[in-house]
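# Per-entry structural report
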Amino acid sequence: MAMTIASVASLWRYPVKSMMGEELGTTLLGEQGLIGDRSYALIDRATGKVASAKNPRKWPGIFKFSAALAAAPEGSGIAPVQITTPDGKKIISGTDEVDRVLSRALDRQVTLQSQVPETPSLEQYWPDMEDRAQSEKVTDEAMPPTTFFDCGMVHLITAATLKRLSEFYPAGKFELRRFRPNIFLDAREEGFVENSWVGRTLAIGPEVRLLITQKTGRCVMTTLPQGNLPRDLGILRCAAQHNEGHVGVYAAVVSGGTISRGDAVSFA
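Source: prediction; values computed, not measured.

Reading the values: rules and limits
Residues numbered from 1 in each chain as written. Predicted model: local features only at pLDDT ≥ 70, side-chain atom pairs only at ≥ 80, totals over all residues. Heavy atoms only, no water. Helix = DSSP H or I, 4+ residues; strand = E, 2+ residues; numbered from the N terminus. Buried < 20%, exposed > 50% of the residue type's maximum accessible area, 1.4 Å probe, protein only. Contact = heavy atoms within 4.5 Å. Areas by Shrake-Rupley, 256 points an atom, 1.4 Å probe, with all protein chains shown as cover. Phe/Tyr/Trp six-rings, centres within 6.5 Å; stacked < 30°, edge-to-face > 60°. Lys NZ or Arg CZ within 6 Å of the ring centre and 35° of its normal. Salt bridge = Lys/Arg side-chain N within 4 Å of Asp/Glu carboxyl O.

Turning next to the overall build of the protein. From N to C terminus, the protein includes three helices and 18 strands. Dimensions of the protein, computed from the C-alpha atoms along their principal axes, are close to 55 × 50 × 35 Å. Within the protein, buried positions represent 52% of all 268 residues. Contacts in the protein between residues far apart in sequence, at least 24 positions, make up 70% of those at least 6 positions apart. In the form shown here, the protein has an accessible surface area of approximately 12,300 Å², with 49% of it arising from carbon and sulfur atoms.

Here it is as structure tokens:
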């Protein structure tokens, strides 16, 4: 019997790229990760680029929106999504008002869509770690074709990693929502435990198998204010100083299936 190395503490899906997501008790994983994850994005009509909190100068309010699937996905189809605006208004994808409401709230003309552009890209803002405005820059970044993901299809983080970072920087609030994982794990070991998982396959529950492909490099999104979390460049600075800028790992789906909170995790 394989030795348990961790357990699933929580599961998260983000139906609209860069918006707040929804916590799940159980979900299905397909070859592109959690069913319904990043199934939509906002497209900037002026540039054709994907709207992303990676450029908070252009999209300062996008973290104030939240999204949840409005129905269970069926087969390979895209389920409708319900978006809650900062003022509490709820709108459903596919309705006449959705683009109008979102464009007005974000002060830019946008289109909510599930169809990925032929050559998807986004803008990424790079803060100076000493907070000197003259050293900041924005770059255009290509995205993998056919999806709204930045890199890996599944993102995992352990509580041990967040605890270790908080030990280095006690003033920082290393809450999981800053890092937007799909799978949050309670690990048996301490420290940056998932770093050593790269190249190995995890078994989660009776069905799911994930190949850990690489460490997750962090960006300005981890430093942004959201809810009661303040803007804090120290979050990113701490990760850069103590773990080469990595927090968590990405994974590819070897075999999909049902995954639930509380599932045991072991090496396959």
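Here we come to the environment of Gly256. Here Gly256 lies in the loop between strand S16 (246-255) and strand S17 (257-260). Look at Gly256 and you get partly exposed, because its relative accessible area is 35%. Non-local contacts of Gly256, meaning those with residues more than four positions away in its chain, are made with Leu29, Glu207 and Val208.

Scanning the entire structure with this criterion turns up three aromatic pairs. Between Tyr169 and Phe174, the ring centres sit 6.1 Å apart and the planes meet at 85 degrees, which makes this aromatic pair edge-to-face. Taken together, a centroid distance of 6.5 Å and an interplanar angle of 5 degrees make the contact between Phe174 and Phe179 stacked. This pair shows no difference in class: Phe174 is buried, exactly as Phe179 is. Members of the aromatic cluster, joined through ring pairs, are Tyr169, Phe174 and Phe179. The ring of Trp59 is capped by Arg108, whose NZ or CZ atom sits 5.6 Å from the centre of that ring. Its end group placed over the ring of Phe267, Arg200 keeps NZ or CZ at 3.6 Å from the ring centre.

Attention now moves to the pattern of salt bridges. The tally for this structure, following the rule as stated, stands at 15 salt bridges. When the shortest N-O distance is used, the salt bridge between Asp44 and Arg108 registers 3.3 Å. One end of the pair, Asp44, is in strand S5 (residues 41-44); the other, Arg108, is in the loop between helix H1 (98-106) and strand S9 (110-113), and 64 residues separate them in sequence. Classification of Asp44 by relative accessible area gives buried; the value is 2%. Lys163 serves as the salt-bridge partner of Glu167, at 2.8 Å between the closest nitrogen and oxygen. A residue pair is termed a helical-turn pair when its members lie 3 or 4 positions apart in one helix, as Glu167 and Lys163 do in helix H2 (residues 159-168) at four residues.

Here Arg38, not a glycine, exhibits a phi torsion of approximately 50 degrees, which is positive. Here Arg38 is to be found in the loop between strand S4 (33-34) and S5. By relative accessible area, which is 16% here, Arg38 ends up buried. Despite not being glycine, Arg180 shows a phi value in the positive range, around 50 degrees. You can see Arg180 is positioned in the loop between H2 and strand S13 (183-187).

By themselves, these are just geometric observations and shouldn't be taken as functional.
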